[in-house]
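Given next are the chains, with one letter for each unit.
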Amino acid sequence: MSITFKNVSYEYAPNTPFAYGALKDVNVSITSHKVTAIIGATGSGKSTLVQHLNALLLPTVGEVEVLDRVIKANEKPKKLKELRKNVGLVFQFPEYQLFEETVLKDVAFGPLNFGLSKEEAIEKAKIALDIVGLSEEYYEKSPLDMSGGQKRRAAIAGILAIDPDVLVLDEPTAGLDPQGSHAMMELFIQLNKMKNKTICLVTHDMEHVFNYCENVVVIDKGQVIYSDSVENFFNNEEMLNSLTIELPKVIQFKRLLRKKGFTIDHTSKTLEEIIPQVVAQRGDVHE
Amino acid sequence: MNNIALGRYLPLNSVVHKLDPRFKIIGMLILLVAIFLPAGFYGYGFLTLFIGSVVMISKLSFKFIIKAMKPMMLMLVFLMVINIFVLRTGYVVFDIFGFLIYSDAIFQTLYISIRLLLMIMVTTILTATTKPLDLTLGIEDLLAPFKRFKVPAHEIAMMISIALRFIPTLIEETDRIMKAQASRGVDLAEGKLKEKVLAILSLIVPLFVSSFQRAEDLADAMEARGYVPTNKRTRYKQLKRTLKDIIMLFIVVFVLASVIAMVVLL
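Per chain, residue numbering runs from 1 following the sequence as it is written. Whichever chain is written first becomes A and whichever ligand is written first becomes 1, with later ones labelled in order. Two thresholds apply to this predicted model, a pLDDT of at least 70 for residue-level local features and 80 or more for giving and counting side-chain atom pairs, whereas whole-chain, interface and lining totals are computed over all residues. In computing side-chain values, all of the structure's heavy atoms are included and hydrogens and water are not.

## Let's talk about the pairing of strand β9 (residues 215-220) of chain A
Residues and elements named next belong to chain A. Threshold: Type-normalised accessible area, obtained with a 1.4 Å probe on protein chains alone, sets the label of each residue: buried when under 20%, exposed when over 50%, and partly exposed for intermediate values. Helix and strand assignments follow DSSP, with helices taken as H or I runs no shorter than four residues and strands as E runs no shorter than two, numbered in order from the N terminus. Paired strands are those between which DSSP finds at least two bridges.
Counting buried residues in β9 gives five out of six residues, a clear majority hidden from the surface. With four bridges connecting them, strand β3 (residues 35-39) and β9 associate as parallel partners. For T36, the partnering residue across the bridge sits in β9 and is N215. As paired elements, β9 and strand β10 (residues 223-229) share six bridges and run antiparallel to each other. The residue bridging V216 from the neighbouring strand is D228, located in β10. Linkage of β9 to β10, two consecutive antiparallel strands, is achieved through a turn of two residues, within which K221 is found at a positive phi near 50°.

Pasting the structure below:
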């Protein structure tokens, strides 16, 4: 049960002078139980793409298969609630969706909407808040009185409390400090490893793609131009050169070493793996 | 949400687009006066013809005008219903199972509809052919003579231009929050009344919070740039009147005069 886009196009404001094609004939699959990164320049259509995953946007042309549902163009889908329970979408800067008086109430809002009883919803909310690292002392706080990072955590907990199988995140670490964004990424990886959730995230940070993700989808001007494993992606020199991205430090380091005449294994991902190779090839003095 | 046509500027290239906003505003006011005269059948026919041809000259499509009309449709239906129940003069046109519908009710509704249609056409011509910023400059200039009576012309213009500037932003924001809450299971279409109230609340509270935040940020940014509303300031963009503006004004005055003539003579 993966997610598949078949010839999907999407146009904003069709039949008006402002019509704008955001997706053009997109064919891509997102594998279940993996962490997939969606990357691309601003305005390339990443956000439009992810909004198709829980049918917030419906394709103008083509069809999207999500779990056991097929969403076709020109067909009004029914029972979207069910789909949205299974695919949780966290928007960019999700802290703006907080509205309840207390954090606990706000996080319980999602599960309540999906038909859980009040007690169950509160229970789910507490679990979700625990996952994002907001302890009991925050339960009765107003979400508006918290710091930016805490708000972000509370908002993400609001989606986690729904306990979706697929978690889609649109730039979840934007505007967070390095430590906070690292912790946030760790959290998603844990969810993937422990609870076997499919994670799909939009990001600009190649370090995150390199360190945390398994697959990568590259989107440019509304078209998917590349889709493969992260390892293959960072070894595809041609592809990397055609994109204006800042490569992860390790990849940059490997490139520099190769320029100096060293042969570095394609699979090595850490300094610990690279250093012995360099030492072996120099085969002299040091150590 | 992005399909709102009312009050939207359309960047086309026509004679009407190039007219001086001050003259366009005056022209619009004159036409509005003409529309509100009890001009009768011929008068409204004449006005419709005139305003329709201005729409054509502005290169606007009638589809766009109809789209701008859409939000008013409900109001028109409402008016129609009230008129049918309240106005009981004239002769009986329909007799539906003993319920009588009188001619005056129908004519009254028709007059109001045509007036509304013309009003929307005229105002749409103004807003669709004039950049919001030019519009506020025009308003500021037109209000300038009233400064003597302590009318804060510049402040009013600034408020209007800020309000106009933030309409698209707010629409975008609303759209975003709606989607975010939809992802959390909010369904504005279905559900019990209590759920619906909560759904609307989940939309309005974040919208207010971010609006206040934006307002505060904007105020700070303006202050940081040394903005003081009462200071005398020069303007980068100068409005210029041309011969075309004078001609336009003459035509509009002529239209008003003809409608008055029709009211008096016919």
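## Quick notes on a negative patch on the surface
Residue and element names in this part refer to chain A. Applicable threshold: Here the term patch refers to residues with relative accessible area over 30% and no salt bridge, with like charges joined within 9 Å and nonpolar side chains (Val, Leu, Ile, Met, Phe, Trp, Tyr) within 5 Å. Per-residue accessibility takes into account occlusion by the displayed protein chains alone, with areas from the Shrake-Rupley method and a 1.4 Å probe. Salt bridge, as used here, is a side-chain nitrogen of Lys or Arg placed within 4 Å of a carboxyl oxygen of Asp or Glu. Charge assignment: positive for Lys and Arg, negative for Asp and Glu; neither His nor the chain ends contribute. For charged residues, the charge sits on one atom: NZ in Lys, CZ in Arg, CG in Asp, CD in Glu.
Taken together, E231, D265, E272 and E273 make up a surface patch of like negative charges. Topologically, E231 is positioned in helix α8 (residues 230-235). The class for E231 is partly exposed, based on a relative accessible area of 41%.

## Side note on helix α4 (residues 62-86) of chain B
Residues and elements named next belong to chain B. How we decide: Take the residue count of a helix, subtract one, and multiply by 1.5 Å to get its expected span. To get the bend at a residue, fit one axis to the 7 residues ending there and another to the 7 starting there, then take the angle between the axes. The contact criterion used is simple: two residues touch if any of their non-hydrogen atoms lie within 4.5 Å.
An ideal rise of 1.5 Å per residue puts 36 Å on 25 residues; α4 measures up with 33 Å between its terminal C-alpha atoms. A bend of about 55° at P71 is the largest found in α4. Turning to α4, its buried residues are F64, I65, A68, M69, L76, N83 and I84. Those residues of α4 that are buried lie in contact with α3 (40-57), β2 (99-102) and α5 (103-129).

## Re the packing of α4 of chain B against α5 of chain B
Residues and elements named next belong to chain B. Keep this limit in mind: Helix axes are fitted to C-alpha atoms over the stretch in contact, other axes to C-alpha atoms as well, and angles between N-to-C directions run from 0 to 180 degrees. With respect to orientation, any angle under 35 degrees is reported as roughly parallel, any angle over 145 as roughly antiparallel, any angle of 65 to 115 as roughly perpendicular, and every other angle as oblique. Handedness of a crossing is defined here by the sense of rotation of the near helix relative to the far one, left-handed for an anticlockwise turn of less than a right angle and right-handed for a clockwise turn.
For the pair α4 and α5, the least separation of the axes is 9 Å and the interaxial angle reads 155°. By the angle between their axes, α4 is roughly antiparallel relative to α5. Where α4 crosses over α5, the handedness of that crossing is right-handed. Across from F62, F64, I65, A68, M69, M72, M75, L76, L79, M80, N83 and I84 in α4, the residues of α5 making contact are A105, Q108, T109, I112, S113, L116, L117, I120, M121, T124 and A128.

## Quick word on the sheet that holds strand β7 (residues 166-170) of chain A
Residue and element names in this part refer to chain A. Ordered in space as β6-β7-β8-β3-β9-β10, the six strands form an open sheet in which the pairing is mixed. The open sheet is flanked by β6 (87-90) and β10, the only strands paired with a single partner. Taken pair by pair, the neighbouring strands of this sheet meet at an average axis angle of 15°, ignoring direction. Relative to strand β8 (residues 198-202), β7 is paired through five bridges, and the arrangement is parallel. Bridged to L169 within β8 is L201.

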